[in-house]
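Descriptive analysis of the structure
Listed below, chain by chain, are the residues.
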Amino acid sequence: MQETLKEIVNAAKEAVAACSDESQIENLRVQYLGKKGQLTALLKQMGSLSAEERPKVGALVNQAKQELEELISAKKQELKIKAQENKLNEETVDITMPAKPVKTGKLHPLNTVLDDMINIFQSMGFDVVDGPEVETDYYNFECLNVPADHPARDMQDTFYLGENLLLRTQTSAAQIRTMETRKPPIRVICPGRVFRADEVDATHSPVFHQIEGLVVDKGVTMCDLKGVLEEFAREIYGSDTKVKFRPSFFPFTEPSVEVDVTCSECGGKGCRVCKGSGWIEILGAGMVHPNVLRSCGIDPDVYSGFAFGIGLDRLTTTRYKISDIRLLFENDKRFLEQF
Ligand code: PHE
C-alpha cells in the first residue's frame, strides 16, 4: 500500500509540474483529492490493514494528501498570475497610435452676435431680462396699444394656442412685463425668439430673433435714443458708421422711426448688399406711447422712455455675409463649422 501511495504521489507531482492551464489543474485536483479521487480511494482501503499498520499508513496518506493540496494550490496561484500577465501583455496600449479626435462644439453664429450685443448694451448700463415665448394676447398686443381690431395685427399673424394664448410675435411684450415689475429708471434689453406666420424664403422665417430695448426715466428724449443707437451701431459696424432715422409707425411708440445704418460692405456708396442705396435697415424704434406707460401704471406726465427692436438674424447674416436666413436654422454641421 505504501508503494501504491508513492506511485500515486509521484505521478501526481509529475502531472502537476507538466500542467499549463487552470482547468487542467482543477481536473488533477479532482482526480487525486476529490471524493472519488485516488488518495480518497486509498484511505477507504485502510480497513484491510492491521491495527498497528493503520495509524502509520493513515498518517502517511494524510501527509501525502496535504503535500498534494499545497502543491496544487501553489500551482494554481502560479497559473493564475501567468494568465493575468498574458492578458496584460495582449492588452498593452500602443501609445504611438494616433488619438481619436475630440469633437468640440462652438457657439452658433446667432449666439456669437447676441453675446456681442449683450456686451455692448451692458456697457451702457442695460440689464438683460427674459420673457416667455408663449404669450397672452394681452401682453403681445392689447397692452402694446394694439386692440383686437387694430390693422397692425395683420402684419403680425402668428400661431395661436387657444383663445388668448399665442407664440409671441415680438419681444416688445417684455416692455410691459418689465414696466409692471420695475420702477423707473428702467434700462433693459430682452433678447429672444419670436414667431410669425410667414412664408419661408431667403430672408423670411416663421421663427426668428429680436432684441427689445427699453429705457424709461424722467426727461428721456429722442436724442437719448439716437445716442444709444449710434453707439451700438459704431460698436457693431465700425466707428465711422452713420445712423439715419426715417419716420415710421408702431402702435406702441410715438413718434416711431425706422433706423438705417450706412452699409458696412460699401461704406455708403451703394452695392449689392444694400441694393444700391448705401443704407441698411436694422431696427424699429420710438418713444414709448403714453398709453403704454399708463397701462403699466407709469405716469406719462412725469416719465418718458424709448424702445427699440433689433432683428438679430439680419444682423448675423450681414455680418457673416450669409446669403440665406434658412442656413441659420437648419443646423447643418458643414455650415456651422465655418464659424
Ligand atoms: N416690435 C417691433 C417689430 O417687431 C419693433 C419695435 C420694437 C419697434 C420697439 C419700436 C419699438 O416690428
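Structure report, in brief. (Residues numbered from 1 in each chain as written. Predicted model: local features only at pLDDT ≥ 70, side-chain atom pairs only at ≥ 80, totals over all residues. Heavy atoms only, no water.)

Quick word on the sheet that holds strand E6 (residues 243-250)
- Within the open sheet, the seven strands sit side by side as E1-E4-E5-E9-E8-E7-E6. Their pairing is mixed. Edge positions in the open sheet fall to strand E1 (127-128) and E6, since each of these has one partner strand only.
- As judged from the eight bridges shared by strand E7 (residues 253-262) and strand E8 (residues 279-288), these two strands associate in the antiparallel manner. Across the sheet, residue Thr262 finds its bridge partner in E8, namely Trp279. (Pairing = 2+ DSSP bridges. Helix = DSSP H or I, 4+ residues; strand = E, 2+ residues; numbered from the N terminus.)

What about the layout of surface pockets?
- Of the voids in this model, the second largest pocket is the one considered here, and its volume is about 270 Å³.
- Considering the residues around the second largest pocket, the lining is formed by 17 residues, among which Leu110, Asn111, Gly192, Arg193 and His209 are closest to the centre.
- Elements represented by at least two residues in the lining of the second largest pocket include exactly helix H5 (109-123), strand E4 (186-195), strand E5 (207-217) and helix H11 (327-330).
- Tallied by class, residues from the lining of the second largest pocket come to seven nonpolar, seven polar and three charged. (1 Å grid on protein atoms, 1.4 Å probe; cavity = no way out; pocket = protein on both sides within 12 Å on 5 of 7 lines; lining within 4 Å. Points joined across faces, edges and corners; volume = space filled by probe spheres on them. Nonpolar A, V, L, I, M, F, W, Y, C, P; charged D, E, K, R; others polar.)

Quick notes on the packing of H5 against helix H10 (residues 312-319)
- Between H5 and H10, whose axes approach to 9 Å, the crossing angle comes to 105°. Relative to H10, the element H5 is oriented roughly perpendicular. Between H5 and H10, the residues in contact are Pro109, Leu110, Val113, Leu114, Asp116 and Met117 and Leu312, Asp313, Leu315, Thr316 and Arg319, respectively.
- Tallied by class, the residues present in the contact of H5 with H10 amount to seven nonpolar, one polar and three charged. (Axes fitted to C-alpha atoms, helices over the stretch in contact; angles between N-to-C directions. Parallel < 35°, antiparallel > 145°, perpendicular 65-115°, else oblique. Contact = heavy atoms within 4.5 Å.)

A closer look at the nonpolar core
- If you look at the biggest cluster of nonpolar residues, it comprises 43 residues, and the most contacted ones within it are Phe121, Phe232, Leu283, Phe308 and Ile310.
- Only H5, E5, helix H8 (222-237), E7, E8, strand E9 (304-311), H10 and helix H12 (333-336) provide two or more residues apiece to this core.
- Not counting residues up to four positions away in its chain, the partners in contact with Phe308 are Phe121, Phe126, Ile189, Ile211, Glu212, Gly213, Leu225, Val228, Leu229, Leu283, Gly284 and Ala285. (Core = buried A, V, L, I, M, F, W, Y, C linked by side-chain atoms within 4.5 Å. Buried < 20%, exposed > 50% of the residue type's maximum accessible area, 1.4 Å probe, protein only.)

Side note on the pattern of salt bridges
- Evaluated as defined, the whole model comprises 16 salt bridges.
- Across the pair Glu26 and Lys76 runs a salt bridge whose closest N-O atoms are separated by 2.9 Å. On the criterion of sequence distance, the pair formed by Glu26 in helix H2 (residues 22-33) and Lys76 in helix H4 (residues 53-90) is long-range, its members being 50 residues apart.
- Residue Lys76 is classed as partly exposed on the basis of its relative accessible area, which comes to 30%.
- Close ionic contact of Asp137 with Arg153 constitutes a salt bridge, the shortest N to O distance being 2.9 Å. Taken as a pair, Asp137 in helix H6 (residues 137-140) and Arg153 in the loop between H6 and strand E3 (165-167) lie far apart in primary sequence, 16 residues in all. The pair Asp137 / Arg153 is uniform in exposure class, with both members buried.
- Each of Glu26, Arg29 and Lys76 takes part in a single network of salt bridges with overlapping partners. (Salt bridge = Lys/Arg side-chain N within 4 Å of Asp/Glu carboxyl O.)

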